[in-house]
Amino acid sequence: MTTTYAVLSEGLKKRFGDVHALRGLDLAVAQGTVCGLLGPNGAGKTTAVRLLTTLLHPDAGSARVAGHDLLREPAAVRRRIGVTGQDTSVDGDLTGRQNLRLFARLHRVRDASARADELLERFGLAEAADRPASGYSGGMRRRLDLAASLVRRPDVLFLDEPTTGLDPASRNRIWDTVRHLTEEGTTVVLTTQYLEEADQLADTIALVDRGRVAHTGSPPELKALIGAYAEVVVTDADVMVKAAGVLDRLTGAEPALDRDRKAVGAVTRDPTLTLPRLVRELDSAGVPLLDASIRPPTLDDVFLRLTGSKELVA
Amino acid sequence: MSTLAYDGTAMLGRQLKRIRNNPGLVVLTQTMPITMLLFFGYVFGSAVAMPGERYRSFLVPGLLAATAAGGLTTGMLQASQDAHRGVMDRLRTLPVSRAAVPLGQAVADLVVTAAGTVPLLLVGLAVGWRIEGSAAQTAGALGLLLLFRFACTWAGILLGMLPRNEEAAGQLASTTFVLPLLSNAYIPADGMPGWLRTLVEWNPISAVATALRSLFSPRLSASLEQGGAAIARVPSHAAWPVAHPVAGSLAWCAVLIAVFAPSAVRRYARPR
């Protein structure tokens, strides 16, 4: 079976004056999956979303979104997508209910009022429905925003940093909604600076760095690329070199020494290197251990390794 | 076209709801001319070389024209508010006719203005202004007033989208207060120095104010020799739009709409 792509872009470029926001974005998102665009501020994530949702015109490149050519059939694309931008994209002068009714009507939803009521209920906004949206809290506004993107179930939903600045409860609510949508077959493209978010939600992660996709893969794939991190803490600084020798032999990677913590660590891609084996080997080499661990890599590690960028701090 | 009508109606509804939820700007812009009528009519009017009642009769059509020209200001403020807020991004990603948003704004403004002008007309009547034209002339005057408002709003919508941010648009909008001052809305142009008079007479507000005076008070504009003619008298050798005020006003409206409406729609629809 061939994969159907909900989003397929080739060489998308966009320049703002001297700033090359995108330098050739190649992105393939399979239908019904969640793709996380992960990258630091200024990597080009938002520009990518704005191009793919017809808000910006690319300088070069092409893309198909929800089965339609982005440049030749923008109207057809707009009928099939939902977008929640980074800034609030509802009308603060209107109430929550008025906002949803308006967007439902513009989407040609048959019973716009009923649809608005249903969404208000589902997103916990029924009580605030008749207050102007400008008075909503950050979390409520984000929920209204997301509801507004769902007045007609979109084939592809774009979320630009959907949980930035939200408290954990609001964040979990948004995550649940995204998971629920993919069960219904919606493809989701979300940008995030939060590694945990990408890890939790995304089927594939595209690491965006300086206007390009630096790497694509599932979260486990990306982590496997990096390998695990084996680290031991010894009793005495004098035995650190000895421990490093053992780790070198076991992992084949050059160990790093942290003299303050008396810790020695190395990256390992060997799946047979388990914690008991690590302890046994060091013990038989006569290295007195205080602590030992094999830690799976975080996406932080992945990002640092694959892009060489140190800006991403979760 | 039916798409435009449907989307435009939805956007009209949006604008009317916005105004209902937040009527401050509209109330201010529609009550301002009443304050000015009383202030100019009684304070300045006492220094104008016209009997007080006569000056107020001169002033009411002028204020109506100047208030209609205020569509430029409110158009700019609303368009820039919209342009720099996230809701425009959402509307641009919806399958909505590109002309619907600016058209909805212009029509909503017209609906609100039509209602908002009634208090000014009533206060005008209370201070001695009279409608002396036929029913057809009166209807024509009110129609012209709304047409001029519509034309000015389109100019405002385009100009409101040009500045980089809302503050810059607000500053630009605040400079528009000079436009009625550089017209014959408040003061007859007769006594002005030649170069200023030419400038004033080519101001569209002057043509509309003169047209309103001639339609509301045709008797006075017809009988120039009767002394009181200053209400509607057209100065000799006036520039064409003021010498032929009704045709001149219609021509100004046509030009403003033809220039600004298509460019405002294009500007709105253009992807950045």
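Quick caveat, the model's predicted, so the values are computed rather than measured.

**Observations regarding the overall build of chain A**
At step 1: When you go through chain A residue by residue, the secondary structure sums to eleven helices and 14 strands.
At step 2: Expressed as lengths along the three principal axes of its C-alpha atoms, the size of chain A is roughly 75 × 45 × 45 Å.
At step 3: In chain A, which comprises 314 residues, the share counted as buried stands at 50%.
At step 4: Contacts spanning at least 24 positions in sequence make up 66% of the contacts within chain A whose residues lie at least 6 apart.
At step 5: Carbon and sulfur atoms provide 48% of the accessible area of chain A, an area that totals close to 14,300 Å².

**Quick word on the sheet that holds strand E4 (residues 60–65) of chain A**
All names here are of chain A.
At step 1: One open sheet accounts for four strands, arranged E2-E1-E4-E5; its pairing is antiparallel. The sheet terminates laterally at strand E2 (19–30) and strand E5 (68–69), the two strands that pair on one side only.
At step 2: Two strands pair when backbone bridges link them, and strand E1 (residues 5–16) and E2 are joined in this way by nine bridges, in the antiparallel orientation. The residue bridging Leu8 from the neighbouring strand is Ala28, located in E2.

**What to know about the pattern of salt bridges**
At step 1: Summed over the entire model, instances satisfying the criterion amount to 25 salt bridges over all chains.
At step 2: Linking Arg14 of chain B and Asp91 of chain A is a salt bridge whose minimum nitrogen-to-oxygen distance equals 2.6 Å. Taken together, the positions of Arg14 of chain B in helix H1 (residues 2–21) and Asp91 of chain A in the loop between strand E6 (81–84) and helix H3 (96–106) put the pair across two chains. The residues Arg14 of chain B and Asp91 of chain A share a single accessibility class, namely buried.
At step 3: For Arg277 of chain A, the salt bridge identified is with Asp270 of chain A, shortest N-O distance 3.8 Å.
At step 4: The network of salt bridges with shared partners includes Asp91 and Asp93 of chain A together with Arg14, Arg18 and Asp82 of chain B.

**Digging into the UniProt feature "transmembrane region" (unreviewed entry) in chain B**
At step 1: This chain's UniProt record puts "transmembrane region" (unreviewed entry) on residues 24–45, 57–79, 100–129, 141–162 and 246–265 of chain B.
At step 2: Along residues 57–79 of chain B one finds 96% helix and 0% strand; the C-alpha atoms at either end are 34 Å apart.

**As for the environment of Ala237 of chain A**
Residues and elements named next belong to chain A.
At step 1: Note that Ala237 resides in the loop between strand E11 (228–234) and helix H9 (240–251).
At step 2: Expressed as a C-alpha distance, the spacing of Ala237 and Asp260, which sit 23 residues apart in the sequence, is 8.7 Å.
At step 3: With residues up to four places along the chain from it excluded, the contact list for Ala237 reads Arg259 and Lys262.

**Describing the environment of Gly245 of chain A**
Residue and element names in this part refer to chain A.
At step 1: Of note, Gly245 is situated in helix H9.
At step 2: On the basis of relative accessibility, which here comes to 38%, the residue Gly245 falls in the partly exposed class.
At step 3: For the pair formed by Gly245 and Lys45, sequence separation is 200 residues and the distance between their alpha carbons is 43 Å.

**Some thoughts on the interface of chain A and chain B**
At step 1: In this assembly, 29 residues from chain A lie in contact with 26 residues from chain B.
At step 2: Here chain A meets chain B over a buried area of about 2,400 Å², counting both sides, of which 56% is carbon and sulfur.
At step 3: Of all residues in chain A, Leu55, Asp93 and Leu106 of chain A bury the most surface against chain B, accounting for 26% of the area lost on that side.
At step 4: Along the contact surface separating chain A from chain B lie six salt bridges.
At step 5: Arg90 of chain B is the salt-bridge partner of Asp145 of chain A, the closest N and O atoms lying 2.8 Å from each other.
At step 6: At the boundary of chain A with chain B, the tally comes to twelve residue pairs in polar contact (both at pLDDT 80 or more).
At step 7: At the level of secondary structure, the elements contributing two or more residues to the side of chain A that touches chain B comprise helix H2 (74–80), E6, H3 and helix H5 (138–148) of chain A.
At step 8: No other element matches the five residues that H3 of chain A contributes to the side of chain A that touches chain B.
At step 9: A class-by-class count of the residues in the side of chain A that touches chain B yields ten nonpolar, ten polar and nine charged.

**Quick look at the state of the cysteines**
Residue and element names in this part refer to chain B.
At step 1: Summed over all chains, the structure comprises zero disulfides over all chains.
At step 2: Cysteine Cys152 is unpaired, with the sulfur of Cys253 as its nearest cysteine sulfur at 7.2 Å.
At step 3: You can call Cys253 buried: its relative accessible area is 0%.

**Observations regarding unusual backbone geometry**
All names here are of chain A.
At step 1: A positive phi angle, close to 45°, is found at Glu161, a residue other than glycine.
At step 2: Its place among the elements puts Glu161 in the loop between strand E7 (156–160) and helix H6 (168–183).
At step 3: Under the relative-accessibility criterion, Glu161 is labelled buried at 5%.
At step 4: Within the chain, Arg210 stands out as a residue other than glycine whose phi angle is a positive 45°.
At step 5: Inspection of the secondary structure puts Arg210 in the loop between strand E9 (204–209) and strand E10 (212–217).

**Describing the side chain of Thr187 of chain A**
Residue and element names in this part refer to chain A.
At step 1: Following the sequence through the fold, Thr187 ends up in strand E8 (residues 187–192).
At step 2: When its relative accessible area of 0% is taken as the criterion, Thr187 is described as buried.
At step 3: A polar atom in the side chain of Thr187 sits 2.8 Å from the backbone nitrogen of Gly32.
At step 4: Excluding anything up to four places from it in sequence, Thr187 contacts Ala6, Val29, Ala30, Gln31, Gly32, Thr33, Asp155, Val156 and Leu157.

**A closer look at the sheet that holds E11 of chain A**
Residue and element names in this part refer to chain A.
At step 1: With antiparallel pairing, the four strands of this open sheet are ordered in space as E12-E13-E11-E14. Where the open sheet ends on each side, the last strands, each with one partner, are strand E12 (256–258) and strand E14 (289–295). When strand polarity is set aside, the average angle formed by the axes of neighbouring strands in this sheet is 15°.
At step 2: Sheet analysis places E11 next to strand E13 (residues 263–268), joined by six bridges and oriented antiparallel. Along E13, the bridge assignment pairs Ala228 with Thr268.
At step 3: The sheet contacts of H9 involve E11, E12 and E13, and relative to E13 the element is tilted by about 10°.

Analysis parameters
Residues numbered from 1 in each chain as written. Chains lettered and ligands numbered in written order. Predicted model: local features only at pLDDT ≥ 70, side-chain atom pairs only at ≥ 80, totals over all residues. Heavy atoms only, no water. Helix = DSSP H or I, 4+ residues; strand = E, 2+ residues; numbered from the N terminus. Buried < 20%, exposed > 50% of the residue type's maximum accessible area, 1.4 Å probe, protein only. Contact = heavy atoms within 4.5 Å. Areas by Shrake-Rupley, 256 points an atom, 1.4 Å probe, with all protein chains shown as cover. Pairing = 2+ DSSP bridges. Salt bridge = Lys/Arg side-chain N within 4 Å of Asp/Glu carboxyl O. UniProt positions renumbered as here; feature names shortened; annotations may be inferred. Buried area = accessible area lost by both parts, 1.4 Å probe. Polar contact = N/O pair within 3.5 Å; in protein donor to acceptor, adjacent residues only side chain to side chain. Nonpolar A, V, L, I, M, F, W, Y, C, P; charged D, E, K, R; others polar. Disulfide = S-S within 2.5 Å. Axes fitted to C-alpha atoms, helices over the stretch in contact; angles between N-to-C directions.

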